[in-house]
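The chain contents come next:
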Amino acid sequence: MTAETIIQSLASGLLMGLLYGLIAVGLALIFGLMDVVNFAHGEFLMIAMYATFFLFAFFAIDPLLAAPLVAAALFVFGALVYLCVVRFAVRAKANAGMVQIFSTFGLAIVMRGLAQFFFTPDYRSITHSWLGGKTFSIAGIYLPVPQLAGALVSIAAFTALYFFINRTDFGRALEATREDAGAVALVGIDKNRVFALGWGLGAALVGLAGAIMAMFFYVYPDVGASFALIAYVTVALGGFGSVFGAFAGGIVVGLVEAGTTLILPPSLKSVGIYAVYLLVVFIRPRGLFGSL
Amino acid sequence: MSITRRNVLLGATAVAALAPIAARAETSEVAIGVIYPFSGASAQIGVDAQKAFETAAEIINNKYDFDLPLARTEGLPGLGGAKVKLVFADHQADPQKGRAEAERLITQDKVCAIVGTYQSAVAVTVSQICERYQIPFISADNSSPSLHRRGLKFYFRAAPHDEMFSAAMFDFFDAMKKKGTKIETLSLFHEDTIFGTDSSNAQLKLAADRGYKVVADIKYRANSPSLTAEVQQIKAANADVLMPSSYTTDAILLVKTMAELGYKPKNIVAQDAGFAEKATYDAVGDKLEGVISRGSFSLDLAQKRPMVGLINEMYRAKSGKDFNDYSSRQFMGLIVMADAINRAKSTDGDKIREALVATDMPGEQTIMPWRRVKFDEMGQNNFADPVLLQYAAKNFVTIFPEQAAVSEAIWPMNS
């Protein structure tokens, strides 16, 4: 094994990890806000990828330009999901936890089924885009440009999110609602509105990730499943509810995944991720940055 | 209403008009189970397969002037013209769901035979259920060699398996070496279920027997979100030939990742699967010029056997795609099964099994380049000769074996 192989692995792992973080942050945000795990998170990603694909296929809009449009569309979609589905699920008088799980899980199945019905199960790809298929290489280390762009977008999104949550009124309202939803009602903050915007924001972030991913990954109705699983691990690793935990968790997952393949056969690369995850759960059950 | 002459006449006319419908309803139907992934990661395969089976059923149930068993008659003459009815079931690429669905097809839908399954891993469980209920099973498109070696009496496969396919690849390498081409090292790249494992085992054994050096043997997890680490290893090995055994999703990702990491393999000789699918070529076809895949079907055959082209047209009208290695084998799977049921003159499992054992269908009466369809004692058809196809100028052309070849191989692939 050469130094080149190790650097290449870790660089690829870092790029992938930043993207994993961006995919997972919406999940962490929604969970932190209202203790609801969105089991349709992978399907949100799928919808975003399809939206990017169709914008490209019908209007020749490059995924890079489509990204803000897709994020905006997903924002509306996320808010609607809260207002039309989740709002009622959290009101359940009995077995509230189960009702929430099944409502988002059911939503996932419906979305997957509808996608297969309307879009057919064919694998779609964006064949040529500004960045797609381009590779940047220094000293024998190859960095694919779409993933590089994804990593930059991820860092930018997390920075923006940091300022948004810490420096704006809405961000503070978000934090306050998360701390004590009952108390914020007393100071005149509409809980439903904050939750709806929170869902919108979470969905918009995964929308951004989906648009970037559509540049280098194929799209089909089940595409969300394998990424959603990694997103759940990322969130649990980084700490449930912590936005920056998702960022750190994503990087850890990406690096551990890449590092594992240097030692173990590639078919066992998930073993590293789950081993680290188990370790965190044993030693620090709330996750690396969890505050619960 | 009084009974007038006019009403009697009207009534009689109505009865006369309805009579043929009633008579038609009396003709029995023969239910055949078709078990495929209609949802989940490989749903695209199932949806295309459904169209292939429907094309076959249409040819069996109606009159067509093709030199194909049951084409020139309506329905199954051996069963009084009974029509073939397909009952589709979804296994979602999951062996356990396959087991449950096969059981449901047999006990509730009363199918007399089952055809399946795309994933070899699912064929394992489905064929076990069929064996228990003594219902014949045809592996239309499963290629794992271990499937027919389990001593099952109700298991049949008309198509070649991966040892035959891999042998063809190594025959091809040997032939190329004789012409003075340098082929010494191989990289194997295969997914981790029975398909990839069996395929790589066959290739490892052949490589050892014939003196090729395997410089990388990468087993990866199917449906991976990223294959970067895997590709780095095959890039480092940089063998003369890369031999992938991958389903569609991984095939697309493999080719994309190779390009991203700046690796241009000298040659790719693929174990079909993802490398036979239109989706792969739609996505990354520009990077696959010159890729070679094994197959059991080629549209070239239409030049010699016009019905292949005509049946392909029927399939394309339904699916919008040309027959590929999978849809053609699926089509033949149903034809072979229906032919046996017709000769058995019964829907009894044992009788159909006996008819399958007695099958001897000349190659010209199929849409495949096979010599014939005749099963050995393990239910495998050893007369199904594989071919190697090369993707060149957006088309697949047969390049091996020589008697079937329509063009010389481009080697190395990028030349």
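All figures in this text were calculated on a predicted structure; none of them were measured in a lab.

**With respect to the overall build of chain B**
Here comes step 1: On a plain count of helices and strands, chain B comes out with 13 helices and 14 strands.
Here comes step 2: A burial count over chain B gives 55% of its 415 residues as buried.
Here comes step 3: Pairs at least 24 apart in sequence give 66% of the contacts found in chain B among residues at least 6 apart.

**A word on the sheet that holds strand 13 (residues 387–392) of chain B**
Residues and elements named next belong to chain B.
Here comes step 1: Here 4 strands make up an open sheet; going across it, the order is 9-10-13-14 and the pairing mixed. Whereas interior strands pair on both sides, the edge strands pair on one side only; in this sheet they are strand 9 (269–270) and strand 14 (395–400).
Here comes step 2: Alignment of strand 10 (residues 292–295) against strand 13, held across 4 bridges, turns out to be antiparallel. Its bridge partner lying in strand 13, Ser 293 is registered against Leu 389.

**Details of the domain arrangement of chain B**
Residue and element names in this part refer to chain B.
Here comes step 1: One can read the domain layout of chain B as domain 1 (26–160 + 301–384) and domain 2 (163–295 + 388–400).
Here comes step 2: Inter-centroid distance (C-alpha atoms) of domain 1 to domain 2 is 28 Å.
Here comes step 3: Listed as interface residues are 16 residues of domain 1 and, on the opposing side, 17 residues of domain 2.
Here comes step 4: Of all the secondary structure elements, the ones that give two or more residues to the side of domain 1 that touches domain 2 are helix 4 (120–133) and helix 12 (325–344).
Here comes step 5: Per-element tally for the side of domain 1 that touches domain 2: the top contributor is helix 4, with 3 residues.
Here comes step 6: For the side of domain 1 that touches domain 2, the residue count by class is 6 nonpolar, 8 polar and 2 charged.

**Concerning the sheet that holds strand 5 (residues 155–156) of chain B**
All names here are of chain B.
Here comes step 1: Overall, parallel pairing links the 5 strands, which are arranged 2-1-3-4-5 in an open sheet. Of all the strands in the sheet, just strand 2 (83–90) and strand 5 have a single pairing partner and so form its edges.
Here comes step 2: Sheet topology places strand 3 (residues 113–116) next to strand 4 (residues 137–139); 3 bridges connect them, and they run parallel. Paired with Val 115 across the two strands is Ile 138, which belongs to strand 4.
Here comes step 3: Relative to the sheet, helix 2 (residues 43–61) contacts strand 1 (29–36) and strand 2, its axis offset from that of strand 2 by approximately 170°.

**A closer look at the pairing of strand 6 (residues 185–191) of chain B**
Residue and element names in this part refer to chain B.
Here comes step 1: Burial analysis of strand 6 places 6 of its 7 residues in the buried class, the great majority of the element.
Here comes step 2: Looking at chain direction, strand 6 and strand 7 (residues 213–220) are connected through 7 bridges and run parallel. If you follow Phe 189 over to strand 7, its bridge partner there is Ile 218.
Here comes step 3: The parallel pair strand 6 and strand 7, bridged by helix 6 (residues 194–210), forms a crossover whose chirality is right-handed.
Here comes step 4: With 5 bridges connecting them, strand 6 and strand 8 (residues 241–245) associate as parallel partners. Looking at the pairing, Phe 189 lines up with Pro 244 of strand 8.

**Considering the packing of helix 2 of chain B against helix 12 of chain B**
All names here are of chain B.
Here comes step 1: Across the interface, helix 2 lies against helix 12 with an axial gap of 8 Å and an inter-helix angle of 40°. Viewed along their axes, helix 2 and helix 12 adopt a mutual orientation that is oblique. Both helix 2 and helix 12 take part in a crossing whose hand is right-handed. Residue-level contacts link Ile 45, Asp 48, Ala 49, Ala 52, Phe 53, Thr 55, Ala 56, Ala 57 and Ile 60 of helix 2 to Tyr 326, Ser 327, Gln 330, Phe 331, Leu 334, Ile 335 and Ala 338 of helix 12.
Here comes step 2: Taken together, the residues of the contact of helix 2 with helix 12 sort by class into 12 nonpolar, 3 polar and 1 charged.

Parameters and conventions
Residues numbered from 1 in each chain as written. Chains lettered and ligands numbered in written order. Predicted model: local features only at pLDDT ≥ 70, side-chain atom pairs only at ≥ 80, totals over all residues. Helix = DSSP H or I, 4+ residues; strand = E, 2+ residues; numbered from the N terminus. Buried ≥ 20, exposed ≤ 12 C-beta atoms within 10 Å, placed from the backbone. Contact = placed C-beta atoms within 7 Å. Pairing = 2+ DSSP bridges. Domains from an automatic or database assignment. Nonpolar A, V, L, I, M, F, W, Y, C, P; charged D, E, K, R; others polar. Axes fitted to C-alpha atoms, helices over the stretch in contact; angles between N-to-C directions. Right-handed = clockwise from strand over helix to strand, strands pointing away. Parallel < 35°, antiparallel > 145°, perpendicular 65-115°, else oblique. Left-handed = near helix turned anticlockwise from the far one by under 90°.

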